[in-house]
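# Examination of the molecular architecture
Listed here are the chains, written in short residue letters.
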Amino acid sequence: MELSGGAGDSAGQVVDGRRFAPGDVVIRREILLGEVWFGCPTICVEDSPDLLALYLPPGAEFGFPRRGVFPAGRHPWEAAGHRAWSGHGKLMLHRPGEAHSLDVFWTGPDRAFAGWYFNLQDPFRRTPIGVDTLDHELDLWWPADAERYVWKDVEMFAQRLAEGRYPGMADAIQAEGDRIAALLDAGERWWDENWASWKPDPAWPVPRLPAGWDTVAG
């Protein structure tokens, strides 16, 4: 089953033959049941045939569309009053066609590596202003000081299914999580662990959402 939250081009396909350059602003949107549901501006770190790396810096604003039906409810961050990303920022590593991103987190005053976060989501789809996807709630988290990963938000995932957020997608979402868990259990590492020591360019400004970000066709 294809994991897809809305219309868009083929997963990872380059739009008009153009890739993002390092430092470009890439608008990451979530599409839920055919509607733009959430958006935030990120910065391109790498855009190659095998990897799209995006950085969400501290202070990057969150966008919540004012117009829509939202049959599964508004984005929970909107209800909680979250308006921008805080902390050290996070790095999101995507491989074209895969239904997850590998997010890298840091913590503390020394920006120590905190761990790997396997974020289940729709395979990214390129748009004229960035990429579209949909977070799937269920995740796996491997802290830097732990010997093994843990599942995250299992109960919340069940609640979201009951709310009607992922119609017809439950089995495929769970299967992707199980696939990642099996690979990790087998000792597979499909990412470059040097990303743990990556640092953003201090010259990068905090990106902003452009006008009309929520009306651009996917």
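Nothing here was measured: the structure is a model prediction, and the numbers come from that model.

## Examining the overall build of the chain
Counting its secondary structure elements, the chain contains three helices and ten strands. For the chain, the sequential pattern of α-helices and β-strands runs β-β-β-α-β-β-β-β-β-β-β-α-α. At 17 Å, the chain has a C-alpha radius of gyration in line with the 17 Å of a compact globule built from 218 residues. Taken across its 218 residues, the chain has 49% of its residues classed as buried. Within the chain, contacts between residues separated by at least 24 positions form 61% of all contacts whose residues are at least 6 apart in sequence. Taking the average place of the 21 positive charges on the side chains of the chain and the average place of its 33 negative ones, the gap between the two points comes to 6 Å.

## Describing the environment of arginine 126
Along the chain, arginine 126 falls in strand S7 (residues 125–126). Expressed as a C-alpha distance, the spacing of arginine 126 and arginine 28, which sit 98 residues apart in the sequence, is 9.4 Å. At 2.7 Å, the side chain of arginine 126 and the side chain of aspartate 47 are in polar contact.

## Digging into the pattern of salt bridges
Here the structure, examined in full by the defined rule, presents 18 salt bridges. One salt bridge in this structure joins glutamate 61 and arginine 208, with 3.4 Å as the shortest N-O distance. Of this pair, glutamate 61 sits in the loop between strand S3 (51–56) and helix H1 (76–79) while arginine 208 is found in the segment after helix H3 (170–185), placing the two residues 147 residues apart along the sequence. Note on glutamate 61: relative accessible area 18%, which makes it buried. Taking the shortest distance from any N to any O, the salt bridge between lysine 90 and aspartate 103 comes out at 3.2 Å. On the criterion of sequence distance, the pair formed by lysine 90 in strand S4 (residues 90–94) and aspartate 103 in strand S5 (residues 100–107) is long-range, its members being 13 residues apart. No difference in accessibility class separates lysine 90 from aspartate 103, as the two residues are buried. It is possible to trace a salt-bridge network through shared partners that takes in Arg95, Glu98, Glu176 and Arg179.

## What to know about the packing of aromatic side chains
For the structure on display, the rule yields 20 aromatic pairs. Ring plane angle 50 degrees and centroid distance 6.3 Å describe the contact between tryptophan 77 and tryptophan 85, whose orientation is recorded as tilted. Note on tryptophan 77: relative accessible area 32%, which makes it partly exposed. By relative accessible area, tryptophan 85 is classed as buried at 16%. Among the aromatic side chains, those forming a connected cluster through ring pairs are Phe38, Phe62, Phe64, Trp77, Trp85, Phe105, Tyr117 and Trp141. Sitting above the plane of the phenylalanine 70 ring, arginine 74 keeps its charged end 4.1 Å from the centroid.

Cut-off values and rules
Residues numbered from 1 in each chain as written. Predicted model: local features only at pLDDT ≥ 70, side-chain atom pairs only at ≥ 80, totals over all residues. Heavy atoms only, no water. Helix = DSSP H or I, 4+ residues; strand = E, 2+ residues; numbered from the N terminus. Rg over C-alpha atoms; globule rule 2.2 N^0.38 Å. Buried < 20%, exposed > 50% of the residue type's maximum accessible area, 1.4 Å probe, protein only. Contact = heavy atoms within 4.5 Å. Lys, Arg positive; Asp, Glu negative; His and termini not counted. Charge placed at Lys NZ, Arg CZ, Asp CG, Glu CD. Polar contact = N/O pair within 3.5 Å; in protein donor to acceptor, adjacent residues only side chain to side chain. Salt bridge = Lys/Arg side-chain N within 4 Å of Asp/Glu carboxyl O. Phe/Tyr/Trp six-rings, centres within 6.5 Å; stacked < 30°, edge-to-face > 60°. Lys NZ or Arg CZ within 6 Å of the ring centre and 35° of its normal.

Everything listed here is a matter of coordinates, which is why it stays silent on function.
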